[in-house]
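So the chains spell out like this:
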Amino acid sequence: MTFIAEDLAVTIASRLRKHLQKIAGRRVPTTYQELAKALALTPPHRIHQVTEALEHLMAVDAATGRPFIAAIAISKARGGLPAPGFFDCARRLGRFAGDAAGLEAQAFHAREFNAAVARSTREVYEGPMSRLGGDSDDVAAAIEKALSKRRAPTRVPVTPSARVLMGLRRVLPDRAWD
């Protein structure tokens, strides 16, 4: 039964995806209640608003071949699993064929959760922020350069983001870092 208009579900889903992508970096699931609170949803039917938005995200993810980011949301009452509606929706979308209360559900959820976290992590390292990072070759080159000096420095910035932070540390007072 639908309690909210489709366009409202889409609006909530957009905000929800952004929030779930942030949470995915922590590699810890969150509850429907925590999501409703984080999105500042108003009664009535706050949890249902979240679940409808999650189902919308699942449909988009299934259509684009992405893992279900909705797997990051779990039910407080199901011991680390999403509510049965998650599995029903996955079944309707052709991605799950097992029992929503059995071992198949646990395995399916674990796969989707891990895949969603992996995708989110990969997007961070491959997205626009990747220019501020470095890889193991950059670290090795910085160590080699530091060791070749007569007097090795205490800190060696490897990436552009490290150089920026070290520069800010020199000019900002301690209070700014607290």
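If you're wondering where the values come from, they're calculated on a predicted model, not measured in any experiment. (Residues numbered from 1 in each chain as written. Predicted model: local features only at pLDDT ≥ 70, side-chain atom pairs only at ≥ 80, totals over all residues. Heavy atoms only, no water.)

(A) How the structure looks around the overall build of the chain. Tallying secondary structure elements over the chain gives eight helices and two strands in all. Reading the secondary structure of the chain in the N-to-C direction produces α-β-α-α-β-α-α-α-α-α. For 178 residues, the compact-globule estimate of 2.2 N^0.38 gives 16 Å, and the C-alpha radius of gyration of the chain, at 22 Å, exceeds that figure by more than 25%. Referenced to the eigenvectors of the C-alpha coordinate spread, the extents of the chain come out at roughly 70 × 35 × 30 Å. Sequence separation of at least 24 residues holds for 56% of the intrachain contacts in the chain that already meet a minimum separation of 6. For the chain, the accessible surface area stands at approximately 11,500 Å², while carbon and sulfur atoms represent 56% of it. Of the charged side chains in the chain, 27 are positive and 18 negative; the average position of the first set lies 9 Å away from that of the second. (Helix = DSSP H or I, 4+ residues; strand = E, 2+ residues; numbered from the N terminus. Rg over C-alpha atoms; globule rule 2.2 N^0.38 Å. Contact = heavy atoms within 4.5 Å. Areas by Shrake-Rupley, 256 points an atom, 1.4 Å probe, with all protein chains shown as cover. Lys, Arg positive; Asp, Glu negative; His and termini not counted. Charge placed at Lys NZ, Arg CZ, Asp CG, Glu CD.)

(B) Structural context of the packing of aromatic side chains. Per the stated rule, a full pass over the model turns up seven aromatic pairs. On the numbers, 6.4 Å between centres and 70 degrees between planes, the contact of F68 with F108 is edge-to-face. Residue F68 is found in the loop between α3 (46-64) and β2 (73-74), and its partner F108 is found in helix α5 (residues 103-126); the two are separated by 40 residues along the sequence. You'll find F68 and F108 in the same group, each marked buried. Members of the aromatic cluster, joined through ring pairs, are F68, F86, F87, F96 and F108. (Phe/Tyr/Trp six-rings, centres within 6.5 Å; stacked < 30°, edge-to-face > 60°. Buried < 20%, exposed > 50% of the residue type's maximum accessible area, 1.4 Å probe, protein only.)

(C) The side chain of R17, seen in detail. Tracing the sequence through the fold places R17 in helix α1 (residues 6-24). Look at R17 and you get buried, because its relative accessible area is 16%. Within the local environment of R17, its side chain forms a polar contact with the side chain of D61, the two groups lying 2.8 Å apart. Here R17 is in contact with L57, V60, D61, R66 and I69, once residues within four sequence places are set aside. (Polar contact = N/O pair within 3.5 Å; in protein donor to acceptor, adjacent residues only side chain to side chain.)

(D) Region of the structure containing the pattern of salt bridges. Scanning the model with the defined rule gives six salt bridges in all. When the shortest N-O distance is used, the salt bridge between R91 and D88 registers 3.2 Å. Taken together, the positions of R91 and D88, both in helix α4 (residues 84-92) and three residues apart, correspond to about one turn of that helix. Residue D88 is classed as partly exposed on the basis of its relative accessible area of 34%. Connected through salt bridges with shared partners, the residues R17, D61 and R66 form a single ionic network. (Salt bridge = Lys/Arg side-chain N within 4 Å of Asp/Glu carboxyl O.)

(E) Fine view of the side chain of T159. Mapped onto the secondary structure, T159 falls in the loop between α6 (136-148) and α7 (160-171). In this structure the side chain of T159 is engaged in a polar contact, spanning 3.1 Å, whose partner is the side chain of S161. If sequence neighbours within four positions are ignored, T159 has contacts with L132, G133 and G134.

(F) Seen up close, the nonpolar core. Counting 34 residues, the largest nonpolar core has L16, L20, L54, I72, F86 and F87 as the members making the most contacts within it. Only α1, α2 (32-38), α3, α4 and α5 provide two or more residues apiece to this core. In terms of residue count, α1 provides more of this core than any other element does, six residues in total. Here L54 is in contact with L16, L20, Y32, A70 and A73, once residues within four sequence places are set aside. (Core = buried A, V, L, I, M, F, W, Y, C linked by side-chain atoms within 4.5 Å.)

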